[in-house]
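Coordinates in review
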Amino acid sequence: MAERPAAGHRSVPHTADVRIEAWAPSRERCVVEAVAATVGNFAEVSGVAPTATVRFRAGPGPDADLLVAVLDEVIYLIDTAGRLPVAAQVEAGDGSLDVRLSMVDADRVELVGAVPKGVSLHELWFGCEGAGWSCSVTIDV
């Protein structure tokens, strides 16, 4: 079996919604991977140049709440502005996360799945495991 890369993400089977897992050496990079997994489940964004930047602060709060806040904001921007992130940068703040999303209009990407509607708190997990961070999240579609 091949060794898992230091950072990454994947979809895992789920009955009705979308379940993602992400992992990375740091909490902030794990959030970046979770954003990429969320978007990658419904849109093909590789090679698409961003046309706008959105910045926001999530938190302060517990780690799992910060993850949910970031993913909720991503889904909110898709729903209200018709834009989705092609890349994300996340930095730690005073108990919060400072997020920068490189955005593109949704009509400039190929949709390959159901657009997310929300983040489920059911079976949400986000924390440090060994030498890195990982999360498991259900995305409502």
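A brief structural summary. (Residues numbered from 1 in each chain as written. Predicted model: local features only at pLDDT ≥ 70, side-chain atom pairs only at ≥ 80, totals over all residues. Heavy atoms only, no water.)

**With respect to the packing of aromatic side chains**
The condition is simple: Two aromatic rings from Phe, Tyr or Trp, using only the six-membered ring of Trp, form a pair when their centres are within 6.5 Å; if the ring planes differ by under 30 degrees the pair is stacked, by over 60 it is edge-to-face, and anything between is tilted. Accessible area is worked out with a 1.4 Å probe on protein chains only. A residue is then buried under 20% of its type maximum, exposed over 50%, and partly exposed in between.
For the coordinates displayed, the defined rule picks out one aromatic pair. Relative to Trp133, the ring of Phe126 lies with its centre 5.4 Å away and its plane at 50 degrees, an arrangement referred to as tilted. You'll find Phe126 and Trp133 in the same group, each marked buried.

**Focus on the side chain of Ser96**
The line we're drawing: Only DSSP runs of H or I covering at least 4 residues are called helices, and only runs of E covering at least 2 are called strands; the numbering of each starts at the N terminus. Think of a polar contact as two N or O atoms within 3.5 Å of one another; within protein, one of them needs to be a possible hydrogen donor and the other a possible acceptor, and neighboring residues in sequence only count if both atoms come from side chains. It only takes one pair of heavy atoms within 4.5 Å for two residues to be counted as in contact.
Note that Ser96 resides in the loop between β5 (83–92) and β6 (97–105). Taking relative accessible area as the criterion, Ser96 reaches 1% and is therefore assigned buried. In this structure the side chain of Ser96 is engaged in a polar contact, spanning 3.4 Å, whose partner is the side chain of Arg57. What Ser96 contacts, discounting residues up to four positions off in sequence, is Arg27, Arg57, Ala58, Gly59, Pro60, Leu66 and Glu91.

**Considerations on the side chain of Thr38**
Its place among the elements puts Thr38 in helix α1 (residues 27–40). Each residue touching Thr38, except ones within four places of it in the same chain, is listed here: Ile20, Leu71, Pro116 and Ile139.

**Quick word on the pattern of salt bridges**
We apply this condition: Salt bridges are defined as contacts in which a side-chain nitrogen from Lys or Arg sits within 4 Å of a carboxyl oxygen from Asp or Glu.
Following the criterion strictly, the structure yields five salt bridges and no others. In this structure, the salt-bridge partner of Arg27 is Glu28, at a minimum N-O distance of 3.0 Å. Accessibility expressed as a relative area gives 17% for Glu28, which makes it buried. Note that Asp63 is salt-bridged to Arg27, the shortest N-O span being 2.8 Å. Of this pair, Asp63 sits in helix α2 (residues 63–81) while Arg27 sits in helix α1, placing them 36 residues apart in sequence. Judged by its relative accessible area of 15%, Arg27 is buried.

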